[in-house]
Amino acid sequence: MSELRILVTGGAGFLGSHLCDRLVETGADVLCLDNFFTGSKANIRHLLDQKNFEIIRHDLVEPIFLEVDQIYNLASPASPVHYQYNPVKTVKTNVMGTINMLGLAKRVKARILQASTSEVYGDPQQHPQEETYWGHVNPIGPRSCYDEGKRVAETLMMDYHRQNKVDIRIARIFNTYGPRMAVSDGRVVSNFIVQALGDNPITIYGDGSQTRSFCYVSDMVEGLVRMMNCDDLTGPVNIGNPREFSIKQLAELVLEITQPKSEIVYKPLPEDDPIQRCPDITLAKERLKWEPVVALQEGLEKVIEYFREVLA
Ligand code: NAD
Ligand code: UDP
């Protein structure tokens, strides 16, 4: 029997490239699709000489005809800086891109996993967030292109499932960090580390009391692969680390590990920035037998090592 053919959209990005690594290791035939908006060839260059890895430069907004068994749909900018750069394109990628992937899944009877996000909860009024919570999202703000784009993507997944029996998985990913985040990514972990390693000021937005829960990339990949291969679980399922930190605590931890000459500077909190975020992962624990194993300090040390090399 031939190997499983797996499509990873957004496969040259931060998360997608780690997922490609993992899938190539299993012997599956891996097809990485990317338009290189925020992804880079450097993230997947080491895979190019593997016989079970291929790359297609393609924009997911355009339809594509492929023959695959599984689809991980990760194509979408994820950093607020990137998704707000061209918000209309962000909506198109999440809506038209997801329709294209669902159409493909329907035609070839592939199983499809959507990389959804904790942003579907908006600025949550329930804490920690359970999958049953409908969220608190501003439909007309600067984050809406991403939040609402991802919410429509979930709607499309459920409608193709109910209407066309497409075999779907919805993973709600919470803040994830690790090596291969771009230096210019703009999200908090890479920003703080790049600033600290350059002895530049650490930019805390607001007073730093807002919280996030940071998941190391290897834990995330494990969760996504388990969900894809779990029968009979459409989701949504929260995948994230339930240890919650304030942004100030994160800054202090980065400073403690890197010992820079940097100071903390405070900048205005961006509009609609969620105040508290932490996943309830009871469902993932029960159904996927999954929970994160990498603590923030250990994960940060690895990413700091990575950025030291990149910036050297
Ligand atoms: P990333 O920006 O590093 O990767 C996104 C990838 O998608 C890039 O390689 C980019 O070039 C590609 N892409 C964007 N638009 C495309 C298009 N129209 N056609 C083809 N490719 C396109 O971000 P990431 O952190 O790796 O995120 C991957 C996925 O996981 C995204 O869907 C994101 O919304 C989701 N997610 C990530 C996090 C996180 O904390 N990392 C949290 C929640 C959800
Ligand atoms: N943040 C910050 N300084 C930065 C970048 C981000 O204080 O240089 C804050 C941001 O305002 C938010 C949190 O860190 O409260 C996480 O931001 P990020 O962009 O990483 O992700 P998201 O807001 O999408 O969770």
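Right above here is the structure, for reference.
Notes on the structure follow. Just so we're clear, the structure is a prediction, and the values are computed from it rather than from any experiment. (Residues numbered from 1 in each chain as written. Chains lettered and ligands numbered in written order. Predicted model: local features only at pLDDT ≥ 70, side-chain atom pairs only at ≥ 80, totals over all residues. Heavy atoms only, no water.)

### Quick word on the environment of D199
Threshold: Helix and strand labels come from DSSP, where a helix needs a run of H or I of at least four residues and a strand needs a run of E of at least two; each type is numbered from the N terminus. By definition in these notes, contact holds between two residues if any of their heavy atoms fall within 4.5 Å. We call two N or O atoms a polar contact when they sit within 3.5 Å, provided that within protein one can donate a hydrogen and the other can accept it, with sequence-adjacent residues counted only if both atoms are side-chain atoms.
Along the polypeptide, D199 turns up in the loop between helix 5 (188–197) and strand 8 (202–205). Put simply, D199 and R151 are 48 residues apart on the chain and 39 Å apart in space, counted from C-alpha to C-alpha. Every residue in contact with D199, bar those within four places of it in the chain, is listed here: P260, K261 and S262. At a separation of 2.9 Å, a polar atom in the side chain of D199 contacts the main-chain amide nitrogen of K261.

### Topic: the site of ligand 2
The criterion, for reference: Here a residue is near a molecule or strand as soon as one of its heavy atoms is found within 4 Å of it. The method behind every accessible area is Shrake-Rupley, applied with a 1.4 Å probe, and residues are considered shielded solely by the protein chains displayed. Residue classes follow a fixed rule: Ala, Val, Leu, Ile, Met, Phe, Trp, Tyr, Cys and Pro count as nonpolar, while Asp, Glu, Lys and Arg count as charged, and any other residue, Gly among them, counts as polar.
Near ligand 2 there are 18 residues, and of these V188, T203, Y205, R212 and D273 occur at the shortest range. Note that an oxygen atom of ligand 2 is positioned 3.4 Å from one of the side-chain N or O atoms of E119. V188 is positioned such that a nitrogen or oxygen atom in its backbone is 2.8 Å from an oxygen atom of ligand 2. Out of a free accessible area of 520 Å², ligand 2 has 95% covered by protein chains. The residue makeup of the shell around ligand 2, split by class, is seven nonpolar, five polar and six charged.

### What to know about the pattern of salt bridges
The criterion, for reference: The rule for a salt bridge is simple: a side-chain nitrogen of Lys or Arg has to be within 4 Å of a carboxyl oxygen of Asp or Glu.
All chains considered together, the criterion is met by 20 salt bridges. Between E119 and R143 there is a salt bridge, with the nearest N and O atoms lying 2.7 Å from each other. Here E119, found in the loop between strand 5 (111–117) and helix 4 (144–164), pairs with R143, found in the loop between strand 5 and helix 4; they are 24 residues apart in sequence, far enough to count as distant. Linked through salt bridges whose partners overlap, the residues forming this network are E119, R143, R212, D273 and R277.

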